[in-house]
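Listed here are the chains, written in short residue letters.
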Amino acid sequence: MKKVCIFNQKGGVGKTTTNINLCAYLAMEGYRVLTIDIDPQGNTTSGLGLDKRNLEMSMYDVLTSDASLKEVILKSELVKNLDIAPSTMELAGAEVEMIGKENRELILTNKIKEIENEYDFIFIDCPPSLGVLTINALTSVESVLIPIQCEFYALEGVGQLINTVKLVKKSLNKDLEIEGVVMTMYDYRTNLSNEVFEEVKNFFGEKVFRTAISRNIRLAEAPSFGLPIMLYDEKCKGAESYKSLTKEFLSRQSK
Ligand SMILES: Nc1ncnc2c1ncn2[C@@H]1O[C@H](COP(=O)(O)OP(=O)(O)OP(=O)(O)O)[C@@H](O)[C@H]1O
Ligand SMILES: [Mg+2]
């Protein structure tokens, strides 16, 4: 069993797209996968075809009441072996409600412990912020997967990101590691993408996945149909990218 959170406090870098598709491909390979959505935007929840308006319970209940993860987890109707702990807008209020609660950074850690043996992989999709939701995620996992967008200011904010990981490692989760860095929205037609890839490799070294995720319109379209990429267009470049990333991710696990 391995627990990973997908984290970058920068918005729109491909966290959710990576979460949805990596989870879906891992589940398709036969691994038992749980994805936990702790972003109030709920993009993983809707991107996997769940209707946020019709949820009886969500991660809000898990983080603010006695509700267990088991009570909120739903089975994906699209992908076998994939379970989802959904999020709703309500979760935005959880951050405030958790203030003052004893051990509020450990709520998710404790709830995950109750169910973790039922899965091979647990992935948490983080919001683009450094609040108590993100701290809960970073505290409850073994490693952090960092998506970085191939753009001019790619490394901007990375210092702060590393500091946050270090801080959590020092105070709440001493075993926290960096799982890897995945370059997203890579455009093979431009030099910029390649330059940014090299720059990030210089910074993170071996941690950078060799697979960069292509910029591909199909990846941007799929969530509006509530589908992971392999069910939307399994042959497109974006699907190839995430399939290859999944393979590389798995090959790293056996090392
Ligand atoms: N490889 C890609 N090619 C084209 N579009 C992409 C790609 N990856 C992500 N996108 C699109 O870019 C936008 C941001 O991606 P995504 O939602 O995955 O980022 P995020 O880091 O989760 O954002 P947030 O910080 O708001 O949670 C979305 O509209 C998504 O569909
Ligand atoms: Mg997101």
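- Looking at an unreviewed UniProt entry, one finds the protein named ParA family protein, with Clostridium gallinarum as its source organism.

1. Some words on the site of ligand 1
- Close to ligand 1 lie 18 residues, the nearest being Lys15, Thr16, Thr17, Ser214 and Asn216.
- Thr17 is positioned with one of its side-chain polar atoms (N or O) 2.5 Å from an oxygen atom of ligand 1.
- Here ligand 1 loses 81% of its free accessible area of 630 Å² to cover by the protein chains.
- When contributions to the shell around ligand 1 are tallied by element, the ones reaching two or more residues are helix H1 (15–28) and helix H10 (217–221).

2. Points about the pairing of strand S4 (residues 82–85)
- By the alternation rule, side chains of S4 split into Leu82 and Ile84 and Asp83 and Ala85, which are all buried.
- With 4 bridges connecting them, strand S2 (residues 33–37) and S4 associate as parallel partners. Across the sheet, the residue bridging to Thr35 is Ile84, located in S4.
- Pairing between strand S3 (residues 74–75) and S4: 2 bridges, direction antiparallel. Residue pairing across strands places Leu74 opposite Ile84, the latter belonging to S4.
- In textbook terms, the turn of a hairpin is the stretch between consecutive antiparallel strands, and for S3 and S4 this stretch comprises 6 residues, one of which, Asn81, has a positive phi near 75°.

3. Some remarks on the sheet that holds S3
- Read from one edge of the open sheet, 7 strands run S3-S4-S2-S5-S1-S6-S7, paired in mixed fashion. Looking at which strands have only one partner, the edges of the open sheet turn out to be S3 and strand S7 (177–184).
- Against the sheet, helix H7 (residues 132–140) touches strand S1 (2–6), strand S5 (121–125) and strand S6 (143–149), its axis set at about 150° to S1.

4. Points about the pairing of S2
- For S2, the buried fraction is high: 5 of the 5 residues fall into the buried class.
- Alternating residues of S2 divide into Val33, Thr35 and Asp37 and Leu34 and Ile36, and every residue in both groups is buried.
- In the sheet, S2 pairs with S5 via 5 bridges, with the strands oriented parallel. Bridge pairing in S5 links Thr35 to Phe123.

Calculation rules
- Residues numbered from 1 in each chain as written.
- Chains lettered and ligands numbered in written order.
- Predicted model: local features only at pLDDT ≥ 70, side-chain atom pairs only at ≥ 80, totals over all residues.
- Heavy atoms only, no water.
- Near = heavy atom within 4 Å.
- Polar contact = N/O pair within 3.5 Å; in protein donor to acceptor, adjacent residues only side chain to side chain.
- Areas by Shrake-Rupley, 256 points an atom, 1.4 Å probe, with all protein chains shown as cover.
- Helix = DSSP H or I, 4+ residues; strand = E, 2+ residues; numbered from the N terminus.
- Buried < 20%, exposed > 50% of the residue type's maximum accessible area, 1.4 Å probe, protein only.
- Pairing = 2+ DSSP bridges.
- Contact = heavy atoms within 4.5 Å.
- Axes fitted to C-alpha atoms, helices over the stretch in contact; angles between N-to-C directions.

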